[in-house]
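Understanding the architecture of this molecule
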Amino acid sequence: MGKTETPRSPAPIEAPAVPEGTDLIEWYYERGCSDGLPVVPPTPEKIASAVTALGGEPARVVTRVPPRWGSLTREVLAINMVMAGCRPEYAPVVEAAMLALCSPPFNLNGVQATTHMASPLLVVNGPIRQAIGMNAGCNVFGSGNRANATIGRALRLVLLNVGGGWPGLLDKSTLGHPGKYTYCIAENEEASPFAPYHVEKGYRAEDSTVFVLAAEPPHSITNHYANDAEGILDSVCSAMSTICNNNAVSAGHCAVVLGPEHAATIAKSGFKRHDIRHYLWAHSGNRWDDLYGNGRYGKVYNRNLPVWYKREPDARTPIVPSPDNIHLFVAGGEAGRFSAFIPGWGHMSSPVLRGVGGAQPAGGAECADGTCAL
Amino acid sequence: MTKTVSVYDPRGVVDAAPLAMSPRVKELQGLRLGLLDNTKWNANKLLRGIRDQLAQKHGFGAVNYYRKESFSLAAAPDLLDRITAENDIVLTAIGD
């Protein structure tokens, strides 16, 4: 029988200094400040570099992080960045992502505490991807790139250390998922036949943005036979239409990441982003009664779904309420006929798109203080 | 003297004063009972069942039922104000 570890709050840190020679990796482990992997022990020089990259003023509060509502000052953010292994030039992305996560539509309080497995997925667009060396190509969701790995890890360390999302205490996730260590990619704008995601949402191509979605892990979509948009997208629809992902029963938003080969085939058929999102919405979904055991457990209403969904045995139940709730990206290596469907948490959290360094959309989106509620 | 190295707290300060728990009531008879439904699937069934069992044993002055806007969000401040004004005791539950 497996052993279950008792949830433990991090111990208070009182000592500002320890004897030289102390094993600092073990010291931070003992105080519960780690995500489970060794942290990089912060030094005054590394913290100062990160604070400078964040704009100076170490005591300035960036945001407060639920559910603990700890104050994330620039210095505290810098400490977590260093611990995660970030270089200082990642600071604008990490800061913008934290502001996006803490904006009210995202409902980070709920995302952190839920029994569902959701974890924030971060997608970066614009020239900062290349400036800081992010990976948008081969193994984009996997290991091997410092920026992707440590930006995502820095967010998680902040959610743990400042937000208090410790498993078993304030994070009640039944299962969690591996993206709770790091879950950060960049769109492969160079390999994409379509406009970048942030341009579709009203930003200029030369702006950089962060997009956050409370998300399940990616589900692979294999299609090696179709040579047109419909064939590829029907496979995506099939992956979307599983009856147990959280969108199927709680609506909300989801993401679809097309591999470059699939994207090229789809584009050859003349489909634009708009057409893809509408096709996916129109041809995915489940029969109402299939979602609830074909009446075996009585009549189910499900208040999590929009009131306008038809609740009849043979009615089609959409995966998300609108084509606008499908967030479309192109990412991954140039070879391979694969894409991914990424279900969201549900209507309880809305994804947020935010300009890096205060970039604003050229027009059209509903934005305030650099944050666009989608 | 031993040389030292600096260590840092990554957790940030919490600027909130802890609230004390309300005193326990000794007698339910005549009190106004509030029920707060968090809108999860089975919260209403659970709360109504407990309400019915309690009502068999105690004569409440009033029983009031409230629903949160969403189970994943904190109750709105004006809803909390209403509940406080209209009740002596409150029962809440989630029901997944």
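This text follows the structure it describes.
First things first, this report covers the structure right here in the doc. Note on numbering: residues in each chain are counted from 1, in written sequence order. Chain letters start at A and ligand numbers start at 1, both assigned in the order the entries are written. Reporting in this predicted model follows two pLDDT cut-offs: at least 70 for local features of residues, and 80 or more for side-chain atom pairs to be given and counted; totals over whole chains, interfaces and linings ignore these cut-offs and use all residues. To obtain the side-chain values, all non-hydrogen atoms of the structure were used and water was disregarded.

Re the layout of surface pockets
The distinction between a cavity and a pocket rests on a 1 Å grid over the protein atoms alone: a 1.4 Å probe fits inside a cavity but cannot get out, while a pocket stays open yet meets protein on both sides within 12 Å along at least five of seven lines, and a residue with an atom within 4 Å of a point counts as lining. Grid points are joined across faces, edges and corners, and a volume is the space filled by probe spheres set on the points. Estimates place the volume of the largest pocket at around 950 Å³. Secondary structure elements follow DSSP: runs of H or I no shorter than four residues count as helices, runs of E no shorter than two count as strands, and numbering proceeds from the N terminus. When residues of the lining of the largest pocket are traced back to their parent elements, those giving at least two are helix 5 (108–113) and helix 10 (246–250) of chain A together with strand 4 (89–93) of chain B. Looking at the lining of the largest pocket, its residues break down into 15 nonpolar, 12 polar and 5 charged. We call Asp, Glu, Lys and Arg charged. Ala, Val, Leu, Ile, Met, Phe, Trp, Tyr, Cys and Pro are nonpolar, and the rest, Gly among them, are polar.

Quick look at a positive patch on the surface
Residues enter a patch when their relative accessible area is above 30% and they make no salt bridge; the linking distance is 9 Å between like charges and 5 Å between nonpolar side chains (Val, Leu, Ile, Met, Phe, Trp, Tyr). What sets the accessible areas is the Shrake-Rupley method with a 1.4 Å probe; for residues, cover comes only from the shown protein chains. When a carboxyl oxygen of Asp or Glu is within 4 Å of a side-chain nitrogen of Lys or Arg, the pair counts as a salt bridge. We count Lys and Arg on the positive side and Asp and Glu on the negative side, and we leave His and both chain ends out. To locate a charge, the coordinates of NZ of Lys, CZ of Arg, CG of Asp or CD of Glu are taken. A cluster of like positive charges, contributed by A:Arg303, B:Lys45, B:Arg48 and B:Arg67, occupies part of the molecular surface. The residue B:Lys45 is located in helix 1 (residues 43–57) in this model. Think of it in three bands: with a 1.4 Å probe and only protein chains considered, a residue is buried below 20% of the maximum accessible area for its type, exposed above 50%, and partly exposed in between. Assessed through its relative accessible area of 57%, B:Lys45 is described here as exposed.

As for helix 4 (residues 91–101) of chain A
Residues spaced three or four apart along an α-helix point in a common direction, a consequence of the helix completing one turn every 3.6 residues. Across the 11 residues of helix 4 of chain A, 8 count as buried, placing the element largely inside the fold. Looking only at helix 4 of chain A, the buried set comprises A:Ala91, A:Val93, A:Val94, A:Ala96, A:Ala97, A:Met98, A:Ala100 and A:Leu101.

Points about the packing of helix 4 of chain A against helix 7 (residues 146–161) of chain A
Two quantities define a packed helix pair, namely the angle between the helix axes and the distance between the axes. Residue and element names in this part refer to chain A. In contact at an axis separation of 10 Å, helix 4 and helix 7 are set at 45° when each is read in the N-to-C sense. On the basis of the axis angle, helix 4 is oblique to helix 7. Crossing of helix 4 over helix 7 shows right-handed handedness. Contacts between helix 4 and helix 7 involve Val-93, Val-94, Ala-97, Met-98 and Leu-101 from the first element and Ile-151, Ala-154, Leu-155, Val-158 and Leu-159 from the second. For the contact of helix 4 with helix 7, the per-class residue count stands at 10 nonpolar, no polar and no charged. Structural elements are reduced to axes, namely lines fitted to C-alpha atoms, with helices fitted over the stretch in contact, and the angle between N-to-C directions of any two is expressed from 0 to 180 degrees. Orientation categories follow fixed angle ranges, with anything under 35 degrees roughly parallel, anything over 145 roughly antiparallel, 65 to 115 roughly perpendicular, and all other angles oblique. The crossing is said to be left-handed when, going from far helix to near helix, the turn is anticlockwise and less than a right angle, and right-handed when the turn is clockwise. The contact criterion used throughout is that any non-hydrogen atoms of two residues lie within 4.5 Å.

Some details on the side chain of A:Arg129
Residues and elements named next belong to chain A. Tracing the chain through its elements places Arg-129 in helix 6 (residues 128–131). At 2.7 Å, the side chain of Arg-129 forms a polar contact with the backbone oxygen of Glu-187. When residues no more than four places from it in sequence are discounted, the contact partners of Arg-129 are Val-124, Met-134, Ala-186, Glu-187, Asn-188, Glu-189 and Glu-190. Any N or O atom pair separated by 3.5 Å or less is treated as a polar contact, with the protein-specific requirement of one donor-capable and one acceptor-capable atom, and with residues adjacent in sequence counted only for side-chain atom pairs.

Let's talk about the interface of chain B and chain A
Accessible area lost during the coming together of the parts is what is often quoted as the interface size. Contacts between chain B and chain A engage 24 residues on the former and 41 residues on the latter. Note: buried area is the sum, over both parts, of the accessible area (probe 1.4 Å) each one loses when the two are combined. Counting the surface lost from both chain B and chain A, the interface buries some 2600 Å², and carbon and sulfur atoms represent 56% of this. Taken as a group, B:Tyr8, B:Pro10 and B:Arg11 account for 31% of the area that chain B buries against chain A, more than any other trio of residues on that side. Inspection of the region where chain B meets chain A yields 1 salt bridge. Counting across the interface, chain B meets chain A through 13 residue pairs in polar contact (both at pLDDT 80 or more). When residues in the side of chain B that touches chain A are grouped by element, the largest group, 3 residues, is from strand 1 (residues 4–6) of chain B. Broken down by class, the residue content of the side of chain B that touches chain A amounts to 9 nonpolar, 7 polar and 8 charged.

Here's the deal with helix 3 (residues 74–84) of chain A
All names here are of chain A. Where burial is concerned, most of helix 3 is hidden: 10 out of the 11 residues are buried. Here helix 3 has its buried residues at Arg-74, Val-76, Leu-77, Ala-78, Ile-79, Asn-80, Met-81, Val-82, Met-83 and Ala-84. At its buried positions, helix 3 is contacted by helix 1 (24–30), helix 2 (44–54), strand 2 (61–65), strand 3 (70–73), helix 4 and helix 7.

Overview of empty space enclosed by the protein
Residues and elements named next belong to chain A. Scanning all chains against the criterion turns up 1 cavity of 30 Å³ or more. One number sums up the size of the largest cavity: a volume of about 60 Å³. Taken together, Ser-119, Pro-120, Gly-152, Leu-155, Arg-156, Leu-159, Gly-179, Thr-182 and Tyr-183 make up the lining of the largest cavity. Take the lining of the largest cavity: its biggest share by element is 4 residues, from helix 7. Its residues assigned to classes, the lining of the largest cavity shows 4 nonpolar, 4 polar and 1 charged.

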